[in-house]
Amino acid sequence: MPIPRSHTIWYLSAFATLLFARPAGADISHRSCKTPMVFEDAAVNVVVLPYRYAAGNNSSLSDMGNRLSLLIKLNVLSHILDYGSIGAVQMELPPGASQDDRACQPEIVLSALLGTVPGATQKLGLGHGLVLVWGLLYEDGDDVFVQTYARFLRRGAEEGMTFDAGGISFSGKPSAQLLAFTPQKLSQKQLEQVESSYKKADFVRTEPNDNSPGEQLPQLVAKCVNCGESSLYGGLYVEEKRGEWIRIQWMNPTGHENKQGWIHAAGGFEGTPLDKVLPELKFIEGCAGYLRQRVADAEGHQLPGELSSRAVAELKDFVQSNDFEPTDMASAVALQLAGIVEYTAGRERVDSLTRASQDFEEARKLIPSDPDAITLAVAAQVSQEWKEKGRCEQTFQKAQRLSAAAALSSDKPALVNLSSLYRVMLKTADTTGSANNLTRTEVQKRLSIVDSLASTK
Amino acid sequence: MLQIRRQTYNHLKWTTGGLRKLKQLVGARVLSAILSILGLGSLGQAQSKFINCADPGPPEVYKIYVDEVRTSSGQTASAQTRQKLQTVHRFLSDNLKVSAGKNASVRDCGTRFPSDATDFDDREFDGLDNMRVVLEVWSVLEDPAHGSGTIGLALVPARPLIPPAVFVVPSTNLLNSLRQAKQMSAFAPLVLGIRNFQNKKYADAVPLLCAGTQQLGAVLSGQNALGDPAFRTRQQELRQKIKEITNSAIKEARKTPGTTSQLFDPASDGSFTCPQ
């Protein structure tokens, strides 16, 4: 593991600077979008950009956007701590910047974090995962609508997945890595709860109890900030999670002493979990678990089974709660990520592949014309059937679907998948065929066409 | 600037028909490039009944115009109402950006706004078509207190399919229905697919047409179906037309040797459809 601590340590990042910032506190340094950062050694970083007010300048809603993004990040962080090697960063515009300043635009921050443009003080590590979250706020009378966007990726790695059937491989990938979620309505009461939850999270307390003594972090952060940016990079280390609370430890740079305390990270809205109000947080949490699993898998490790199961549960919880738009791309992608986690968690087990196959098929039904959704569904089915029965069933339907996927995507990997399908079929195809199955001659004819097309690509 | 362009336009006496013929002769892309070089990139727009898009974007890319959102009274709006108008605009713009991806550039058209749907006549559509605009969206807040209003859509390449290809979606609460209006972004792949079909880029058209048809189906079905029955009926007609051109696109694409469209399996009647 890249993190040099004897026990699992998680980073709690510069969000602390933001958490305790006062709008008028011009002297307090915040993690500015102009100098973005992630924790390079963390396997997965979740970066939350400010939720912007959709209609120009409104200082109270802009503050609200910062506070909401902070609460969102705290909530997500507290739920994904167990995955280990997690970094979390919240960014905002520097004090005095115009709301029209583009520094916090996701594409600009992302380019810096990936190192394609200069500006990041720490870049995403090669092969490491990132969930970039941002959003918009819309006001309607007493209500505010919140729309979240998320993009996920691993630096320098594709999100592709391979499946095997009798030594012949197939590849597939999620249908999208940039998602717009359904806007959620916050009532006036919930807006007030954002404020009160923020105030509760504004303390580092001696015990995990809102009534225990504590101190506001602004003073601590101010000291830290005065010691220069480098001390911030070490961040705050999360040592323990207990219910809605996390215990953090940090170095007080001026006193050269270790300090610790508790933050009420997942207080939600007066006891209502934040992800009940904003179900997309379940997606973000599950997506972080997905990325953690992919990073571990790429490094030849395995996450404990309960963590994989948790990621799957979070993603499926999101699908259930996204019933407003049951055919939404976000639901389909959530199912695909769940399927990939299930598959990678137990590559050699047929039951893992069976569950993954069911998830991919469910996603395909939501977006039946999407070539990536078709490919994942068919590839997993073929692999599962081969492992279970040593043959491929309903070959006509599979050929029809994967042919359509190849035609829609028009790329070489899609043709390779189709060629692989026919080669698997040829292993067991008979001469007579049936209503649902192609004959050997038909498969050979189709394979010949595919190989001919592939040779021109 | 607009005045100068109008004079230039009058001086050259380029009629809409002339432009269309020229476009047929040299191709839309070439014409667009020529106009751009001549500094007449917005010539098509100069014919417009309403003002040019403030940020029309580069000539070579497909574009989606997001116009100003206004009150129906046209009177100066209160600060609170202005916020609502900006909110609707931002919402439409951001969701269309995600939906269009790299296929089209979403442009903020400033104060451009049609006085009514009839502003989108043949001349206007031709101008938009020359500018490679595939979709134009605007919105009217009729009752700021209660939030009722409409969202308008001009599906530029769809005009020959389902004239006038201008749709107005009513809503009793515009902001509240923005949750549904996220699905408005379904029209982005649809119009891009139609445009590719019209440009005879059949293989490129098919995936967009299929994605658009799928998303349009989602928009029109279920308890959260978008718009009123009249709107949905018209959209079902459009969906049927799209199915027909998808069939044509696949058949045409299959005529080119070496294209993956040859992999589509025909139905028993020989027709082709998107994967179901």
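Structure's up top.
Quantities reported herein were computed from a predicted structural model and do not represent experimental measurements.

> Please provide a residue-by-residue account of the packing of helix H11 (residues 350–366) of chain A against helix H12 (residues 371–389) of chain A, values included.
For any two helices packed against each other, one specifies the inter-axial angle together with the distance between the axes. Residues and elements named next belong to chain A. Direction vectors running N to C along H11 and H12 enclose 150°, while the axes themselves pass 8 Å from each other. Put simply, H11 runs roughly antiparallel to H12. Pair H11 / H12 crosses with left-handed handedness. Two secondary-structure elements touch here, H11 through Val350, Leu353, Thr354, Ala356, Ser357, Phe360, Glu361, Ala363 and Arg364 and H12 through Ala373, Ile374, Leu376, Ala377, Ala380, Gln381, Ser383, Gln384, Lys387 and Glu388. In the contact of H11 with H12, the residues fall into 10 nonpolar, five polar and four charged.

> Describe the pairing of strand E5 (residues 143–154) of chain A, and please don't skip the residues or the numbers.
Residue and element names in this part refer to chain A. Across the 12 residues that make up E5, a large majority, nine, are buried. The pairing of strand E4 (residues 129–140) with E5 spans 12 bridges and is classified as antiparallel. Residue pairing for E5: Leu136 is matched across the bridge by Gln147. Inspection of the sheet shows E5 paired to strand E9 (residues 184–186) by three bridges, in the antiparallel sense. Across the sheet, Val144 pairs through a bridge with Leu186, a residue of E9. Where E5 and strand E8 (residues 178–180) come together, three bridges link them in antiparallel fashion. Within E8, the residue paired with Tyr149 across the bridge is Ala180.

> Help me get a handle on the interface of chain B and chain A, residues and values and all.
On the side of chain A, 31 residues touch chain B, which itself brings 33 residues to the contact. At the level of elements, helix H5 (79–100), helix H7 (178–181) and helix H9 (202–220) of chain B are the ones that each hand at least two residues to the side of chain B that touches chain A. Per-element tally for the side of chain B that touches chain A: the top contributor is H5(B), with nine residues. Of the residues in the side of chain B that touches chain A, the class split is 14 nonpolar, 13 polar and six charged.

Rules of the game
Residues numbered from 1 in each chain as written. Chains lettered and ligands numbered in written order. Predicted model: local features only at pLDDT ≥ 70, side-chain atom pairs only at ≥ 80, totals over all residues. Axes fitted to C-alpha atoms, helices over the stretch in contact; angles between N-to-C directions. Helix = DSSP H or I, 4+ residues; strand = E, 2+ residues; numbered from the N terminus. Parallel < 35°, antiparallel > 145°, perpendicular 65-115°, else oblique. Left-handed = near helix turned anticlockwise from the far one by under 90°. Contact = placed C-beta atoms within 7 Å. Nonpolar A, V, L, I, M, F, W, Y, C, P; charged D, E, K, R; others polar. Buried ≥ 20, exposed ≤ 12 C-beta atoms within 10 Å, placed from the backbone. Pairing = 2+ DSSP bridges.

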